[in-house]
Amino acid sequence: MESVDVIVVGAGIAGLTTARELLKQDPTLKVLVLEGKDRVGGRTLTVNVQTANHTGDKFDMGGQWVGRTQKELLALLDELKIELYEQYETGRKKAQLGNEKIRSYTASLPIFAAGSFTLYEVIDFVRNIFRMNRMSNKINVLDAFSWEGAVAADEQSVASFARSIALTRSARDALDIGMRAVYGAEAKRMSLLYHLLYCKSGGSFMDLIEATGDGAQAFRIKGGSQQISLKMAEALGDRVRLRSGVRHIETSEGGPTRVTLLNGEKLECKRLVLAIPPNQCGLVEFSPPLGYLKRRLYDNMTPGHLIKFVVTYKSSFWRADGNSGEIISAGRTTIPGEILPIVCSYDATTSNGCPAIVGFIHAELHDWTMNERCNAVVKDLVRFFGSKALSEFIAYEEKNWNKEPFNGGCPVDYVTPGNMDAFMTIRDMHYGVHFAGTETALVWMGYMSGAVESGKRAANEVLHALGLRERVDHKYLKGSQFSVEYHHPHPPNDHYVDYTSPWRRRLFFGTALVFGIYAVSKKYDLSYTARVFRPVEKSVFKWWTGMEWPH
Ligand SMILES: Cc1cc2nc3c(=O)[nH]c(=O)nc-3n(C[C@H](O)[C@H](O)[C@H](O)COP(=O)(O)OP(=O)(O)OC[C@H]3O[C@@H](n4cnc5c(N)ncnc54)[C@H](O)[C@@H]3O)c2cc1C
C-alpha cells in the first residue's frame, strides 16, 4: 500500500492551498492531493463562450467576484500574479420587488432609492437591514451561542424572522432575493443564526450583496478564477491525482489513516485533510464512525441550488441605454403558471471588452431543458432591457451545479434550523482527519477567500500534529482545536430562558399605567388629566354609541 505523510482530499482552492502551505513550510513532506473529478478548481470553473470578437472569451461559471476585504484571496492572487478588474456598476439598476412593476434606481441598493420606492418601503428596507446588522454584529464566529439570542435565532428560519419584522412585500422580496443570490437557498430553509454568523464572517449582510465599498462583488479576475487552482496544481505537479474519489476513511488515535478510493485502491498517510464540501463529507464512510454532532452536521448541512448563466451580446447595449446591467427580481407575474427565471444579474463584459450579462436562475427551473431555460432567460432580459436583449443575442451558456459530481449544489452549503450546535463542530478533527473547505472558514466563509483561509488553518494543524511545531504559524490556528483559546462552544443549558421581545411586556405595562392614571383622574376628578383624556373619551363614546358626547 502506498504511504505518504499527508493526503489532502479535494483539489479545490482549499485543498490545493493546504498542500501548497505544507510544502512551503517543509518541502521534504510527502503530500498527495486526491481529486474525484477529472479537473481541478472545484466550485470554480472557467469556460470559453462565443463572443462578439468571434474568438470567444473566458467566463466564470462558478466563483467569480473578489471583495476588497477578502485579504487571504487577494494575497494569494498577488502571489500567483493573477490580475483583477473592477465590476462595471455605472448606470441604472433594475428591481422587481413587491409586485410585477420594474423599477429603476441608481443607489447602490434599492433600500436607498427613495425616488423609485415609496417612503414606507424604503423605511421598511432600511429598518430590516439595520436590525439584521445589529443582530449579526453581536455574533462571535468562534462561539455563536455566546450571544443571548442565539438559541431563539437557531430555532427559526430566516423567512419566519422576515415575516415577523418586514411590513411590506417589497422588503420581504428583497430579503428572499438576497438569500437566493448569496446561498442559492430559500429563506424558509435556513437557520437565522447561521445567516447572522455568515453575515458577520463577511462583515455584514450589505457586504455580501453589494458590489461597491467592501462588498463581495467589487472585482473580477482577468482570465477567470479557475486559474487560481490551475496555477497551484501546476506547481504541485504529479502530487495531484485526478479521478481519485475517496469513498472510505479508516483512522485511529496515533495510528495511520487509510483511505479507500472509489476504484478500490488503498493509500495510507500520517494525517489526512478532507477539503471537500460538508454535504460531500456526509457521503464518505468513516471508521470509527463520526461523533453524534458531526454526523448531525453533515445530515443537516445542505447545498444551495442555483444555476449560473452567461449571455453574450454583439454590443453592451444596456450600457448605451444608461443601465448598469444589474437586476434583482422576485419574478412576480400576473400570468398564471408563468415562471420568470432571473434572480439577479450583472454586467459581465470581459477585460477584453466582450459584452455579456451574467446571472443566476431560480431552482424551480432545474427540470427544464437548457434550451427552455435559454429562451426564458432571454425573454426575462427583454422585460428589463428591451428588445435588444433578443436582437443583439450571440450565445447562452449555463452551469447547473446540482448535476456536478463531487459537488451537489451551488454556491455553498448552509445549515437548516436547529442545527447550529452541530455546526460549531465543523473544524473539529476526527482522530487523524482534519477538515478544510470554505464552509469551515472564520472570515468570508462560503467564498474563495474563506477557502484559502481554511486551507492555511488545516496545513498548520497538520504541521502541529506532525510535531513540526516551530513551523506552525499560530495566527492560522484560530478556531482550531490546537489553538490555545479553543473551547468547545455549546448552547446554554437553560433552554427555558425567555427570549421573547421585551416590547410585549413594555406595551402591556404601559397600557396598564395609562388606564391606572385614567381611573385615578376619574375617581378624584383631576381636571388636568381629565382634559388630556377628554378627546379619547369623546372618540370612544362616539364609536361605541354612535352619538355625540353629551355637553
Ligand atoms: C456558481 C457559483 C458562484 C460563486 N460565486 C462566488 C463569488 O463570486 N465569489 C466567491 O468568493 N465565491 C463564490 N463561490 C463560492 C466559491 O466558488 C467557493 O467558496 C470555493 O470555490 C470553495 O472552494 P473549496 O476548495 O472549499 O471547495 P470546492 O471548490 O468545492 O472543492 C472541493 C473539491 O473536492 C472534490 N471532492 C469532493 N468530494 C470528493 C471525494 N469524495 N473525493 C475526492 N475529491 C472530492 C471536488 O470535486 C472539488 O474539486 C461561488 C460558487 C459557485 C458554485
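- Labelled according to an unreviewed UniProt entry, the protein chain appears under the name Amine oxidase, originating from Pristionchus entomophagus.
- According to the UniProt record, the Subcellular location (unreviewed entry) comment for the protein chain reads "Mitochondrion outer membrane".
- Under the heading Catalytic activity (unreviewed entry), UniProt records this for the protein chain: "a secondary aliphatic amine + O2 + H2O = a primary amine + an aldehyde + H2O2".

### Regarding the UniProt feature "binding site: substrate" (unreviewed entry) in the protein chain
Stage number 1. UniProt feature "binding site: substrate" (unreviewed entry): in the numbering of this structure it lies at F360.
Stage number 2. For F360, the position within the fold is in strand β19 (residues 356-361).
Stage number 3. Look past the residues within four positions of F360 in its chain and what remains in contact with it is W65, L306, I307, K308, F309, P341, I342, V343 and C344.

### A closer look at helix α18 (residues 527-545)
Stage number 1. At F533, α18 shows its largest kink, close to 45°, and the proline P535 lies no more than four residues downstream.
Stage number 2. Within the sequence span of α18, burial applies to T529, A530, F533 and E537.
Stage number 3. Next to the buried residues of α18 lie α17 (502-523).
Stage number 4. In the stretch just after α18, G546 is the one whose phi turns positive, near 80°.

### Let's talk about the UniProt feature "binding site: FAD" (unreviewed entry) in the protein chain
Stage number 1. The UniProt feature table records "binding site: FAD" (unreviewed entry) at V246 and E439.
Stage number 2. Within the element layout of this structure, V246 appears in strand β11 (residues 246-250).
Stage number 3. In this structure, V246 is in contact with V9, L34, V259, T260, L261 and V284, ignoring residues within four places of it in sequence.
Stage number 4. In this fold, E439 is placed in the loop between β22 (433-435) and α16 (448-465).
Stage number 5. Not counting residues up to four positions away in its chain, the partners in contact with E439 are R43, P277, P278, M301, V412, D413, F423, I426 and M445.
Stage number 6. Looking at E439, its side chain comes within polar contact range of the side chain of R43, at 2.9 Å.

### Regarding the pattern of salt bridges
Stage number 1. By the definition in use, this model includes 31 salt bridges.
Stage number 2. E439 is the salt-bridge partner of R43, the closest N and O atoms lying 2.9 Å from each other. Here R43 is found in the loop between β2 (31-34) and β3 (46-49), whereas its partner E439 is found in the loop between β22 and α16, with 396 residues between them in sequence.
Stage number 3. Of the residues examined, R43 reaches a relative accessible area of 22% and is grouped as partly exposed.

### Brief notes about the environment of E100
Stage number 1. Relative to the helices and strands, E100 resides in the loop between β7 (92-96) and β8 (103-105).
Stage number 2. Taking the C-alpha atoms as reference, E100 lies 46 Å from K231; in sequence the two are 131 residues apart.
Stage number 3. What E100 contacts, discounting residues up to four positions off in sequence, is R332, T333, T334 and R383.

### Here's the deal with the sheet that holds strand β6 (residues 84-86)
Stage number 1. Taken together, the three strands give an open sheet; going across it, the order is β5-β9-β6, and neighbouring strands pair in antiparallel fashion. Because the sheet does not close on itself, it has two edges, and the strands there are β5 (65-66) and β6.
Stage number 2. Examined bridge by bridge, β6 and strand β9 (residues 219-221) share three bridges and lie antiparallel to one another. Across the sheet, the residue bridging to Y85 is R220, located in β9.

### Quick look at the packing of α17 against α18
Stage number 1. Relative orientation of the contacting elements α17 and α18 amounts to 115°, with a least axis distance of 10 Å. Looking at the two axes, α17 sits roughly perpendicular to α18. Pair α17 / α18 crosses with left-handed handedness. Counting all contacts with α17, which are made through V514, I517, Y518, S521 and K522, the residues of α18 involved are T529, A530, F533, R534 and E537.

### Notes on the site of the ligand
Stage number 1. Around the ligand, a shell composed of 38 residues is seen, among which E35, R43, W65, T438 and M448 lie nearest.
Stage number 2. Between the ligand and I13 there is a distance of 3.1 Å, counted from an oxygen atom to a backbone nitrogen or oxygen.
Stage number 3. Between a nitrogen atom of the ligand and a main-chain N or O atom of G36, the distance comes to 3.0 Å.
Stage number 4. Here the ligand, which alone exposes 1,000 Å², has 98% of that area covered by the protein.
Stage number 5. Among the elements of the structure, α1 (13-25) and α16 are those that each provide at least two residues to the shell around the ligand.
Stage number 6. The residue makeup of the shell around the ligand, split by class, is 19 nonpolar, 15 polar and four charged.

### Points about the side chain of R180
Stage number 1. Of note, R180 is situated in helix α6 (residues 169-183).
Stage number 2. Its relative accessible area of 12% is what places R180 among the buried residues.
Stage number 3. In contact with R180, not counting residues within four places along its chain, are A185, E186, L306, V343 and H362.

### Considering a nonpolar patch on the surface
Stage number 1. Together, V536, V540, W543 and W544 make up a nonpolar patch on the protein surface, roughly 550 Å² of accessible area in all.
Stage number 2. Mapped onto the elements, V536 comes out in helix α18.

### Describing the nonpolar core
In a soluble, globular protein the nonpolar side chains are often hidden away together inside.
Stage number 1. Among the nonpolar cores identified, the biggest contains 70 residues, and I7, Y183, Y194, L274 and F423 are the most heavily contacted of them.
Stage number 2. At seven residues, helix α7 (residues 192-202) tops the list of elements feeding residues into this core.
Stage number 3. With residues near it in sequence (within four places) discarded, Y194 still touches Y183, M301, D413, Y414, V415, M420, F423 and M445.
Stage number 4. Grouped together as the second largest cluster of nonpolar side chains are 40 residues, A11, L29, I82 and L477 included.

### Focus on unusual backbone geometry
One can expect most non-glycine residues to show negative phi and most peptide bonds to be in trans.
Stage number 1. Note that the residue after S287, namely P288, is joined by a cis bond; omega there is -5°.
Stage number 2. Tracing the sequence through the fold places P288 in the loop between β14 (285-287) and α11 (292-300).
Stage number 3. With an omega dihedral of -5°, the bond running from C410 to P411 counts as a cis peptide bond.
Stage number 4. Following the sequence through the fold, P411 ends up in the loop between β20 (393-400) and β21 (413-415).
Stage number 5. If you check the backbone angles, H54 has positive phi at about 70° while not being a glycine.

### Concerning the sheet that holds β8
Stage number 1. Spatially, seven strands are ordered β8-β7-β17-β18-β19-β16-β20 in an open sheet, and the strand pairing comes out mixed. For this open sheet the edge positions go to β8 and β20, each flanked by a neighbour on one side alone. Taking the axes of each pair of neighbouring strands and ignoring which way they run, one obtains an average angle of 20° across the sheet.
Stage number 2. Pairing analysis gives two bridges linking strand β17 (residues 323-329) to strand β18 (residues 342-347), with the strands arranged antiparallel.

Rules used throughout
- Residues numbered from 1 in each chain as written.
- Predicted model: local features only at pLDDT ≥ 70, side-chain atom pairs only at ≥ 80, totals over all residues.
- Heavy atoms only, no water.
- UniProt positions renumbered as here; feature names shortened; annotations may be inferred.
- Helix = DSSP H or I, 4+ residues; strand = E, 2+ residues; numbered from the N terminus.
- Contact = heavy atoms within 4.5 Å.
- Bend = angle between axes of the 7 residues up to and from the residue.
- Buried < 20%, exposed > 50% of the residue type's maximum accessible area, 1.4 Å probe, protein only.
- Polar contact = N/O pair within 3.5 Å; in protein donor to acceptor, adjacent residues only side chain to side chain.
- Salt bridge = Lys/Arg side-chain N within 4 Å of Asp/Glu carboxyl O.
- Pairing = 2+ DSSP bridges.
- Axes fitted to C-alpha atoms, helices over the stretch in contact; angles between N-to-C directions.
- Parallel < 35°, antiparallel > 145°, perpendicular 65-115°, else oblique.
- Left-handed = near helix turned anticlockwise from the far one by under 90°.
- Near = heavy atom within 4 Å.
- Areas by Shrake-Rupley, 256 points an atom, 1.4 Å probe, with all protein chains shown as cover.
- Nonpolar A, V, L, I, M, F, W, Y, C, P; charged D, E, K, R; others polar.
- Patch = residues over 30% accessible without salt bridge, like charges linked within 9 Å, V, L, I, M, F, W, Y side chains within 5 Å.
- Core = buried A, V, L, I, M, F, W, Y, C linked by side-chain atoms within 4.5 Å.

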